Amino acid sequence: MKGKKKGEYGYRNAHQNIEIGKVFFGIAAILIQLGARHFTDQEAMKNILTVMAILSALPTANVAAPLLASIKYRTPNRSFYEQLSVYEGQVSVLYDLILTSKEQIMPMDGVIIHPTGVYCYCSNPKLAVDKAERFLNDLFRSHRLDPHVKILTKEKELFKRAASLKPEKEYEDDGSLGYTIQLLKDISM
């Protein structure tokens, strides 16, 4: 994925562009297969092309479904990144994650992973914060991590929290920070 990995600023936009390309490729393949039916007189070949088009629809739909669910959540503006990236030397920061539960989509524009907790800024105004925090804390508990996840709904709260945290180097590293970062990347769309 051309330089953008999960957790990096700009990942959402880059990932969505690639997924849109995959969907258009799938649609084109389906249309070509259906169109090719008209250029043959053999009934067996028509049937094969129809089945191929039907089978091509499944992977296309598998790519399109999560894309449609997440398309409205774009990468936050550059000023957000510039304000939060100032703290990257003292805390671990992830950007552009989209976490999902059975009930809701949680676009996390910025996530601070620190020995004292995980602080997430979510830009979805319809987010049920209590349910989302409970879901993430239960997920952390199931992975044997301390359930200290806090979801913030205002940028100012995130920046204030980031400014108040001591550098993570002042804490003893038991390996859970790296595991937490990987878990968040793994569960993100």
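Everything here concerns the structure above.
Summarised in this report is the structure supplied together with it. These figures come from a predicted structure and were not determined experimentally.

About the criteria used
- Residues numbered from 1 in each chain as written.
- Predicted model: local features only at pLDDT ≥ 70, side-chain atom pairs only at ≥ 80, totals over all residues.
- Heavy atoms only, no water.
- Core = buried A, V, L, I, M, F, W, Y, C linked by side-chain atoms within 4.5 Å.
- Buried < 20%, exposed > 50% of the residue type's maximum accessible area, 1.4 Å probe, protein only.
- Helix = DSSP H or I, 4+ residues; strand = E, 2+ residues; numbered from the N terminus.
- Contact = heavy atoms within 4.5 Å.
- Pairing = 2+ DSSP bridges.
- Axes fitted to C-alpha atoms, helices over the stretch in contact; angles between N-to-C directions.
- Parallel < 35°, antiparallel > 145°, perpendicular 65-115°, else oblique.
- Left-handed = near helix turned anticlockwise from the far one by under 90°.
- Nonpolar A, V, L, I, M, F, W, Y, C, P; charged D, E, K, R; others polar.
- Patch = residues over 30% accessible without salt bridge, like charges linked within 9 Å, V, L, I, M, F, W, Y side chains within 5 Å.
- Areas by Shrake-Rupley, 256 points an atom, 1.4 Å probe, with all protein chains shown as cover.
- Salt bridge = Lys/Arg side-chain N within 4 Å of Asp/Glu carboxyl O.
- Lys, Arg positive; Asp, Glu negative; His and termini not counted.
- Charge placed at Lys NZ, Arg CZ, Asp CG, Glu CD.

Focus: the nonpolar core
The biggest cluster of nonpolar side chains holds 21 residues, and the ones touching the most others in it are Met108, Val111, Ile151 and Leu184. Those elements that provide at least two residues to this core are β1 (92-100), β2 (105-114), β3 (117-122), α4 (129-142), β4 (149-152) and α6 (176-187). Beyond its immediate chain neighbours, meaning those up to four positions away, leucine 184 contacts Leu94, Leu97, Leu99, Val111, Ile113, Val118 and Phe140. Core analysis: the next-biggest nonpolar cluster, separate from the first, contains 15 residues, Tyr9, Leu84, Val93 and Leu158 among them.

A look at the pairing of β1
With eight of its nine residues buried, β1 lies for the most part within the structure. Sheet topology places β1 next to β2; eight bridges connect them, and they run antiparallel. Bridged to threonine 100 within β2 is isoleucine 105. The hairpin turn running from β1 into β2, its antiparallel successor, is four residues long.

Focus: the packing of α4 against α6
Interaxial distance between α4 and α6 falls to 12 Å at its minimum, and their mutual angle equals 120°. By the angle between their directions, the pair α4 and α6 is classed as oblique. Viewed along their axes, α4 and α6 form a crossing whose handedness is right-handed. Contacts between α4 and α6 involve Leu136, Leu139 and Phe140 on the former and, on the latter, Thr180, Leu183, Leu184 and Ile187. Partitioned by chemical class, the residues of the contact of α4 with α6 number six nonpolar, one polar and no charged.

A look at a negative patch on the surface
Among the surface-exposed residues, Asp146, Glu172, Asp173 and Asp174 lie close enough to one another that they form a single negatively charged patch. The residue aspartate 146 is located in the loop between α4 and β4 in this model. You can call aspartate 146 exposed: its relative accessible area is 58%.

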